[in-house]
Every structure is written in C-alpha cells, then in structure tokens.
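# Reading the structure
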Amino acid sequence: MSDVAATRERVRIQKVEVLSDDWYVLRKTTFDYRRRDGSWQTLSRETYDRGNGAVILLYNRARRSVILTRQFRFPAFVNGHDGMLIEACAGLLDQDDAETCIRRETEEETGYRIDNVRKIFEAFMSPGSVTEKLFFFVGEYHARDKVGDGGGVAADGEELEVLELPLQQALAMVDCGDIADGKTIMLLQYAQLHRLLD
C-alpha cells in the first residue's frame, strides 16, 4: 500500500464548506483523523487553494549575477512590512505544466526568453493552510535572451521592477533582511550551496 493510500485510510471527510471563492478558494473542512493509537479525533481546518506554482532563479555565470524582481505584496504590507518584496520570478501554473509556466512567467516578468531551464525540486511552502506546491527551477540567462522590458502583466495588477544583482550581494541582502521572500531565499541558498555560478 502506498503512503498516500495509507494516509487516506486515516482520514474521513465529514463536511466541506466554501467560505470564499473570490480571488482563490477558501474552504473549511471537518474531518475525522485516526491517531497512531487507533482512536479517531474530529478536526476542522481551513485551506486556501490557489493552485500550484513555479519559481525560477535566473543566473549568469560570466557576470556572477542573478535576476530578481521587486513588487508590492499586500499580505506582507498588512503584516508590518513596507510590502515591496524582492523575489525570484514566479507564477501560478494555471492550466500549464510547470516548465511551460515558468518560461511564460520569465518572459512576462523579466523580459528574458530562456532556452534551458532545469527543475531542481518541489516544495509545499505553507502546508498548514495553503494547498500550493511550488516547482523550483534554475536557468542561465545571457544578454541575447532579452526580448522585452518585463514588468509583468498590467491587466493583472502587476508592476514589477527587474533587478540584476551580483549573487553575493543578493545573499548579503538575505542576511540583512532586505530579501525576505522564502522561495527566493531557498533558491539563492541553492545557488550558493551547489556553486551554480562557478
């Protein structure tokens, strides 16, 4: 029996309520969960379903640099931050596979059309309440790959500033708190750990 099948035998869904279906879908689910001692416990959890996404770190070996973006994030703003987050290029899969998505998002957000992208891992970023799984990529960019200005899709409310930074500067910005986005920190640390720019 697979791990998923074994877990499904421990979960009995009792009721699902849609609390909001505006930007994405917020559900409240009541379920019974069988504990390790065999007893059943009734629990209630809210899950926010926004679909899965992909994120990429664009890097250039010759320049020892990375491409990031800066944009306003309202949830960070209401949590005491100025809301202007520096991030790796990312987006929701919608109906695409992860590689198609990240190629599209890279061009829309940064203006670069990348030939070779490589998936490095997948991760749940906030599994306590958000269903989203992120597919992480890296891809090397060159000056010849620049086909537009980037900046995102204005109709979607996007207004991104494209940043080219030395990797070491970006890592220092993590240390001092200027880069506070989890997915971006993970990719920058991956680049350092795997000596991506060497």
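Residues numbered from 1 in each chain as written. Predicted model: local features only at pLDDT ≥ 70, side-chain atom pairs only at ≥ 80, totals over all residues. Heavy atoms only, no water.

Looking at an unreviewed UniProt entry, one finds the protein chain named GDP-mannose pyrophosphatase, with Chromobacterium violaceum as its source organism. In UniProt, the protein chain has this text filed under Catalytic activity (unreviewed entry): "GDP-alpha-D-mannose + H2O = alpha-D-mannose 1-phosphate + GMP + 2 H(+)". Looking at the protein chain in UniProt, the text filed under Subunit (unreviewed entry) is "Homodimer." (UniProt positions renumbered as here; feature names shortened; annotations may be inferred.)

So, about the sheet that holds strand β2 (residues 25-34). Hydrogen bonds between backbone groups are what pair the strands of a sheet, and the pairing can be parallel or antiparallel. Across the sheet, which stays open at both edges, the 3 strands sit in the order β1-β2-β3 with antiparallel pairing between neighbours. What marks the edges here is a single partner per strand, and that holds for β1 (11-21) and β3 (40-49). Strand-to-strand twist across the sheet, computed as the mean angle between neighbouring axes with direction ignored, equals 20°. With 9 bridges connecting them, β1 and β2 associate as antiparallel partners. (Pairing = 2+ DSSP bridges. Helix = DSSP H or I, 4+ residues; strand = E, 2+ residues; numbered from the N terminus. Axes fitted to C-alpha atoms, helices over the stretch in contact; angles between N-to-C directions.)

Before going further, it helps to spend a moment on the UniProt feature "domain: Nudix hydrolase" (unreviewed entry) in the protein chain. Mapped onto the present numbering, the UniProt feature "domain: Nudix hydrolase" (unreviewed entry) falls at residues 49-187. Split by type, residues 49-187 is 24% helix and 34% strand. Its first and last C-alpha atoms lie 24 Å apart.

Taking 1.5 Å per residue, 12 residues should reach 16 Å; helix α5 (residues 182-193) reaches 16 Å between its end C-alpha atoms and fits that length. Turning to α5, its buried residues number three or more, namely Lys183, Thr184, Ile185, Leu187, Leu188, Tyr190 and Ala191. Just beyond α5, the residue with positive phi is arginine 195, at close to 50°. (Expected span 1.5 Å × (residues − 1). Buried < 20%, exposed > 50% of the residue type's maximum accessible area, 1.4 Å probe, protein only.)

The biggest cluster of nonpolar side chains holds 28 residues, and the ones touching the most others in it are Leu57, Val66, Leu68, Val138, Ile179, Leu187 and Leu188. Ile67, Cys89, Val117 and Tyr141 belong to the second largest nonpolar core, which has 15 residues in total. (Core = buried A, V, L, I, M, F, W, Y, C linked by side-chain atoms within 4.5 Å.)

Now for unusual backbone geometry. Unusually for a residue other than glycine, arginine 64 sits at a positive phi of about 55°. Note on arginine 64: relative accessible area 38%, which makes it partly exposed. Not every positive phi belongs to a glycine, and arginine 195 is a case in point at roughly 50°.

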